[in-house]
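So you can see what is in the structure, the chains are spelled out below.
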Amino acid sequence: MRFHVAALPHTQTTKHYSPCAYTQKVRKFCDMMMALGHEVYLYASEENEAACTELITVVTKDDQREWFGAKTLADGFDWFTWDAHERHWLIANARTITEIAKRKQPRDIICAIGGSGQKPLADAFPELQTVEFGVGYSGVFANYRVFESYAWMHAVYGARSSVGRIMSERGQFYDAVIPNYFEVEDFPFAEEKDDYFLFIGRLIEAKGYQIAVDACKRLGAKLIVAGAGRPPDYGEYAGVVDVRQRGELMSRARGVFVPSLYLEPFGGVHIEAMLCGTPVITTDWGAFSETVRHGVQGFRCRTLREFCDGAEAADKLDRRAIRDYAVSKFSTEVVARQYDDYFHRLQTLWGDGFYTL
């Protein structure tokens, strides 16, 4: 199969941009599809570490400096918008459309991950299948969509349903749920842990970092905080960390707090922690309800007392089993096969569609 993969206009497809989960999904998706023997045409910026048949530069670093100024990873990504009418999307999409037109063949697949910001790609090529291959946002537009969790798929469906008309709404047969995917080698396993808990992520209210602060304060426990934003007044702040530092901090922690207050579509941090054999302490909704078995890989909590109890009980969990579980469910090797099956399903739709046997 042949894939045209559209990256995002504000980053480079390298590990350096690990704080942008969608950029990393693009990078790893290209690696997986190439490893399976498919052709991948990547429309991205200048710096690239993703495997691909051809890199087509549609955004330069000079463009990014002009559009976004001197913003860095330490500033988070709140300065980036997903509005297709913004200049960065208009230019990136126009260039991508021009380049796809030069290379497209019948039955090619366009892969988008920018939500409504990339809708013009689907509009430009109605004869091809456009797939949103990692939906963790609400602005879906394509006929073919891969959600990161069932929780998020149902949340999106529900948000688009009319009040009192549940039986009138319909699911979409060609949607799928495939979890986020991770390079196991980036997350070292450690049986022995140091005496601290970790919160790593954007330091915004929605990520629930205050719960980690309050729980560790209540327990008198050491907390290390990492991520973009203004650090809290409790805990040791590690700043914005790279992939290596991320793995080290996660592997040595007694537990990692991932207490998202919103319905987390996936929350990659908690999978990264589990890959290190580290228990996770999460809220009890969103994707966590599918990925964390309470009392096995960690604890799903609804009160501050439960967060404190979960932190204290983290040492009792089987760390090797946590690691093995995460590898078996979320490694790139495992998830690549799920994508391959999904795209082969889409190939049948060129025949008799729904009724193809």
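Described below are features of the structure shown in this document. For clarity, every value in this text was computed on a predicted model and none was experimentally measured. Counting starts from 1 at the beginning of each chain's written sequence and moves along it residue by residue. pLDDT decides what is reported in this predicted model: residues at 70 or higher carry local features, side-chain atom pairs at 80 or more are listed and counted, and totals for whole chains, interfaces and linings draw on all residues regardless. Side-chain numbers come from the whole structure's heavy atoms, not from hydrogens or water.

### Focus on the sheet that holds strand 11 (residues 255-258)
Rules: When DSSP finds two or more bridges between two strands, those strands count as paired. Strands are runs of DSSP state E lasting at least two residues, helices are runs of H or I lasting at least four, and both sets are numbered from the N terminus onward. To get an axis, a line is fitted to the C-alpha atoms, and for a helix only the part in contact is used. The angle between two axes follows their N-to-C directions and goes from 0 to 180 degrees.
Reading across from one edge, 10-9-8-11-12-13 is the order of the six strands in this open sheet, with parallel pairing throughout. Sheet topology places strand 10 (236-239) and strand 13 (298-301) at the edges, where each strand pairs with a single neighbour. Neighbouring strand axes in the sheet, compared pairwise and without regard to direction, differ in orientation by 25 degrees on average. Bridge count between strand 8 (residues 197-200) and strand 9 (residues 223-226): four bridges; the pairing is parallel. Bridged to Ile200 within strand 9 is Ala226.

### Some points on the sheet that holds strand 6 (residues 144-147)
The cut-off we apply is this: Contacts: residue pairs with any heavy atoms within 4.5 Å of one another.
The strand order across the open sheet built from seven strands is 3-2-1-4-5-6-7, with neighbouring strands paired in parallel fashion. Of all strands in the sheet, those with a lone pairing partner are strand 3 (54-57) and strand 7 (176-177), marking the two edges. In this sheet, strand 6 lies alongside strand 5 (residues 129-135) in parallel orientation, the contact comprising three bridges. Each bridged residue has a counterpart across the sheet, and for Val131 the counterpart in strand 6 is Tyr144. In this fold helix 3 (residues 87-103) packs onto strand 1 (2-6), strand 2 (39-44), strand 3 and strand 4 (109-112), with an angle of close to 155 degrees to the strand it touches most, strand 2.

### Focus on the nonpolar core
Our working rule: Throughout this description, the term nonpolar core refers to a set of buried Ala, Val, Leu, Ile, Met, Phe, Trp, Tyr and Cys residues connected via side-chain atoms within 4.5 Å. Burial classes follow relative accessibility: with a 1.4 Å probe on protein chains only, a residue under 20% of its type's maximum area counts as buried, one over 50% as exposed, and anything between as partly exposed.
Ranked by size, the top nonpolar core spans 58 residues in total, and within it Val5, Phe29, Val131, Phe133, Tyr339, Tyr342 and Phe343 carry the most contacts. Once you skip the residues sitting within four places of it in the chain, Phe343 turns out to touch Met1, Phe3, Phe29, Met33, Ile109, Cys111 and Val131. Grouped together as the second largest cluster of nonpolar side chains are 49 residues, Phe257, Ala273, Cys301 and Ala313 included.

### Section: the pattern of salt bridges
Rules: One speaks of a salt bridge when a side-chain nitrogen belonging to Lys or Arg is within 4 Å of a carboxyl oxygen belonging to Asp or Glu.
The tally for this structure, following the rule as stated, stands at 28 salt bridges. Put simply, Asp108 and Arg2 hold a salt bridge, and the shortest N to O gap is 2.8 Å. Within this pair, whereas Asp108 is found in the loop between helix 3 and strand 4, its partner Arg2 is found in strand 1, the two being separated by 106 residues in sequence. Of the two residues examined, Asp108 and Arg2, each falls in the buried class. Between Asp31 and Arg27 there is a salt bridge, with its nearest N and O atoms 4.0 Å apart. With a gap of four residues between them, Asp31 and Arg27 both fall in helix 1 (residues 21-35), about one helical turn apart. Because the salt bridges share partners, they merge into one network encompassing Lys15, Arg27, Asp31, Glu183 and Asp186.

### Focus on helix 3
Put simply, the rule reads: Working rule for helices: expected span equals 1.5 Å times residues minus one. Note that the arc is defined by the directions from the helix axis to the C-beta atoms.
Taking 1.5 Å per residue as the helical rise, helix 3 with its 17 residues ought to reach 24 Å, and the 25 Å between its terminal C-alpha atoms agrees with that figure. The set of residues buried in helix 3 consists of His88, Trp89, Ala92, Asn93, Thr96, Glu99, Ile100 and Arg103. The arc that holds the buried residues of helix 3, viewed along the axis, is 135 degrees, so those residues lie on one side. The secondary structure elements touched by the buried residues of helix 3 are strand 1, strand 2, strand 3, helix 2 (61-68), strand 4 and helix 4 (119-124).

### Looking at empty space enclosed by the protein
If a probe the size of a water molecule is rolled over the atoms, the empty space left behind becomes visible. Quick note on the threshold: Cavity and pocket criteria rest on a 1 Å grid covering protein atoms alone: a 1.4 Å probe that fits but cannot get out defines a cavity, protein on both sides within 12 Å along at least 5 of 7 lines defines an open pocket, and an atom within 4 Å of a point defines a lining residue. Grid points are joined across faces, edges and corners, and a volume is the space filled by probe spheres set on the points. Residues are grouped as follows: nonpolar covers Ala, Val, Leu, Ile, Met, Phe, Trp, Tyr, Cys and Pro; charged covers Asp, Glu, Lys and Arg; every other residue, Gly included, is treated as polar.
For the structure shown, the criterion picks out one cavity of 30 Å³ or more. One number sums up the size of the largest cavity: a volume of about 80 Å³. What lines the largest cavity is a set of 15 residues, and nearest its centre among them are Ala7, Tyr43, Val58, Ala92 and Thr96. Going through the elements one at a time, strand 2 and helix 3 are the ones with two or more residues in the lining of the largest cavity. Ranked by the residues each element gives to the lining of the largest cavity, the list is headed by helix 3, at four residues. In terms of residue class, the lining of the largest cavity is made up of 11 nonpolar, four polar and no charged.

### Some words on unusual backbone geometry
Here the phi dihedral of Arg107 falls at roughly 70 degrees; this positive angle occurs in a residue that is not glycine. Structurally, the position occupied by Arg107 is in the loop between helix 3 and strand 4.

### Some details on the pairing of strand 2
The condition that has to hold: Every crossover in which the path from the first strand over the helix to the second runs clockwise, viewed with the strands pointing away from the viewer, is termed right-handed.
Buried residues dominate strand 2, accounting for five of its six residues. The pairing of strand 1 with strand 2 spans five bridges and is parallel. When the sheet's bridge partners are listed, Ala6 is paired in strand 2 with Tyr43. Handedness of the strand 1-helix 1-strand 2 crossover: right-handed.

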